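Inside the fold
Single-letter residue listing:
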Amino acid sequence: MRLGDARKLDQGTQEALRKRAVLLVINGGKTLPEAAIAVGVARGTVSRWVTSYRKVGEAGILRKRRGRRHGEQAVLSAKQCGEIRR
């Protein structure tokens, strides 16, 4: 079976997949491989989701902010940016 690339899905859909997989394992009595097949991701991925859920609760599988923060890892300092603008 070839798995799809869940990274290409929007964040809401990814979150729904995480919730569904965790519920299948926690409440549904499914094994990790069964839940992985049901949602179309790797078994290890479901394992990470379930572990995170057990440690942190639902917050561990909810969507989070992505990407760099504004100004993080900027090549130029704020002063240098100001000089260029002038």
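Inspection of the entire model under this criterion finds three salt bridges. Between E58 and K19 there is a salt bridge; the shortest N-O distance is 3.6 Å. Placement of the pair is E58 in the loop between α3 (43-56) and α4 (78-85) and K19 in helix α1 (residues 11-26), with a sequence separation of 39 residues. Judged by its relative accessible area of 44%, E58 is partly exposed. Exposure remark for K19: the relative accessible area of 30% places this residue in the partly exposed category. One network of salt bridges, with partners in common, ties together E15, K19, E58 and R63.

Once that is clear, we can look at helix α2 (residues 32-39). Every α-helical turn comprises 3.6 residues, leaving residues that sit three or four positions apart pointing alike. Within the sequence span of α2, burial applies to A35, A36 and V39. The arc that holds every buried residue of α2, seen down its axis, measures 100°, which confines them to one face. Here the buried face of α2 lies against α1 and α3.

Rules used throughout
Residues numbered from 1 in each chain as written. Predicted model: local features only at pLDDT ≥ 70, side-chain atom pairs only at ≥ 80, totals over all residues. Heavy atoms only, no water. Salt bridge = Lys/Arg side-chain N within 4 Å of Asp/Glu carboxyl O. Helix = DSSP H or I, 4+ residues; strand = E, 2+ residues; numbered from the N terminus. Buried < 20%, exposed > 50% of the residue type's maximum accessible area, 1.4 Å probe, protein only. Arc of directions from axis to C-beta. Contact = heavy atoms within 4.5 Å.

Everything listed here is a matter of geometry and, on its own, says nothing about what the molecule does.
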